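Residue-level structural notes
Given next are the chains, with one letter for each unit.
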Amino acid sequence: METQIQPHRPEPVVLDDEPQLVTKKTDFSEVATQLQASYQAVINDEYPTGIRLLNHLKKRIFGTGKRGSYKGYRNLRSDYHEASNRLLIPVEDHKIAVPKAPEIGWLEKLYPEENRFYLTLPQIQGLNSSWQWYQKGIQFPVLDQPVYPFYGTYFPTRFDHLILFDKWLTKYQGSKASAYDIGAGCGVLSFQLCKHGFDQVFASDINPNAVISIQENARYLGVGNCISVQVCDLFEKWEQKADLIVFNPPWLPAGEEASGLDQAIYYPADLFERFFDQAKEYLSDNGKLVVLFSNLGQTTGTQSHHPMDEELEAHQRFQKIRVIKRKVKGGSKKTKRRNNRHQEYVELWELEKWQKST
Ligand SMILES: C[S@@+](CC[C@H](N)C(=O)[O-])C[C@H]1O[C@@H](n2cnc3c(N)ncnc32)[C@H](O)[C@@H]1O
């Protein structure tokens, strides 16, 4: 039975005493300076004014020159994040309360009891883009029907690792009684497991929105009986062993503590140690452990050690059966920004429990 889960949502912003009111006639450079100096501003005419002001701020912070190091870019992104999140927009009766604004269904679904409040413009943009995906759905090449990701849920926009996993599942000969999908996100790997005939999939994610998303989509896809899902850290709320464990973890080391959707991208220092330590208890003796990973950490220079090599070298918990790699196809325009993308590949690590050699 499903229990009611409280989703994460952008929390309404508390207004400072005298925020600057912005119209299309306001001097944008002056407002940008105020935003960077920690003062709030509120859009007071129409939605496109806010978008133009954000573009102005973006140009001012990032400039138009060449991109520097990955680290330098992350710092600029953080400056932009802070300043842009001081630009506010009013919401009233579940709608953005300025003209020419998009209709966003999340304002009703996520704030049923709030009538009048302020959100930041980047939050509104995030809600808007997520609403578009939720309406349209995303068609993964490995599933027959689209998945409609709930607000704040990670879903992949490039599919190489899904295709790799699909090929692996096609050849898989072991028992299909049960499997774990750890860090299940929008549930795409769980849905693949059901499609490939697993009877029971136990999915978990630390993000409540992901769990709501999986519950909703499992119903649409008609696999509600195949999947059980929990909001929890790794295996925390589960007890039984399974024939297969699949984990598509975040692929980049976290510089500082990650929260929200960043937890899908950046992993804390102890994640892999904790995962493997628990996985050995939850995998049945003849079971398989599959980890999907990538060399993104190495190509971006943010990772000196591969977490999988570290595990296999330092412990006698698991042994490698094989690693399958697939070159990442040229991504979207956005992803092509990183010029070392062409060297990127995704990896499927197939492991089994470590056995003492005789
Ligand atoms: C890279 S995404 C993978 C999502 C999905 N399995 C896929 O392949 O598209 C990683 C997911 O792991 C979740 N996650 C991160 N740390 C976790 C933890 N300690 N326990 C459970 N889930 C975690 C994130 O919230 C995110 O949904």
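What you see is a predicted model; the values in this text were computed from it and never measured. (Residues numbered from 1 in each chain as written. Predicted model: local features only at pLDDT ≥ 70, side-chain atom pairs only at ≥ 80, totals over all residues. Heavy atoms only, no water.)

Let us now look at the sheet that holds strand S12 (residues 283-294). Across the sheet, which stays open at both edges, the seven strands sit in the order S8-S7-S6-S9-S12-S14-S13 with mixed pairing between neighbours. Strands with a single pairing partner mark the edges of an open sheet, and in this sheet they are strand S8 (227-231) and strand S13 (318-327). Pairwise comparison of adjacent strand axes, ignoring direction, gives a mean angle of 15 degrees for this sheet. Of the strand pairs in this sheet, strand S6 (residues 178-182) and strand S9 (residues 242-247) are connected by four bridges, and their pairing is parallel. The residue bridging Tyr180 from the neighbouring strand is Ile245, located in S9. (Pairing = 2+ DSSP bridges. Helix = DSSP H or I, 4+ residues; strand = E, 2+ residues; numbered from the N terminus. Axes fitted to C-alpha atoms, helices over the stretch in contact; angles between N-to-C directions.)

The subject of this paragraph is the domain arrangement of the protein chain. Along its sequence, the protein chain is organised into domain 1 (20-134) and domain 2 (138-353). One C-alpha centre belongs to domain 1, the other to domain 2, and the line joining them spans 32 Å. Residue-level contacts link twelve residues of domain 1 with 17 residues of domain 2. On inspection of domain 1 and its partner domain 2, the count reaches zero salt bridges. The interface formed by domain 1 and domain 2 includes one residue pair in polar contact (both at pLDDT 80 or more). (Domains from an automatic or database assignment. Contact = heavy atoms within 4.5 Å. Salt bridge = Lys/Arg side-chain N within 4 Å of Asp/Glu carboxyl O. Polar contact = N/O pair within 3.5 Å; in protein donor to acceptor, adjacent residues only side chain to side chain.)

Next up on the list: the pattern of salt bridges. A full pass over the atoms with the stated rule returns 19 salt bridges. Residues Arg326 and Asp160 are paired through a salt bridge, measuring 3.3 Å at the closest nitrogen-oxygen approach. Separated by 166 residues along the polypeptide, Arg326 in strand S13 and Asp160 in helix H6 (residues 160-171) bring together distant segments of the chain. Comparing Arg326 with Asp160, the two get one shared label, buried. A salt bridge links Asp285 to Lys353; the shortest N-O distance between them is 3.3 Å. Of this pair, Asp285 sits in strand S12 while Lys353 sits in strand S14 (residues 345-353); the two residues are 68 residues apart in sequence, bridging distant segments of the chain. Linked by salt bridges that have partners in common, Glu273, Asp277, Lys280, Glu281, Glu311 and Arg317 make up one network. (Buried < 20%, exposed > 50% of the residue type's maximum accessible area, 1.4 Å probe, protein only.)

What follows covers the state of the cysteines. Taken as a whole and assessed by the stated rule, the structure comprises one disulfide. Cys194 shares a disulfide with Cys226; S-S distance 2.3 Å. Note on the Cys194 and Cys226 pair: the S-S dihedral is about -100 degrees, so by sign convention the disulfide is left-handed. Here the residue Cys194 occupies a position in helix H7 (residues 188-195), and Cys226 occupies one in the loop between helix H8 (208-221) and S8, the gap between them amounting to 32 residues. Summarising the burial analysis for this pair, Cys194 and Cys226 share the class buried. Free cysteine: Cys186, not disulfide-bonded; nearest cysteine sulfur from Cys194 at 13 Å. By relative accessible area, Cys186 is classed as buried at 1%. (Disulfide = S-S within 2.5 Å.)

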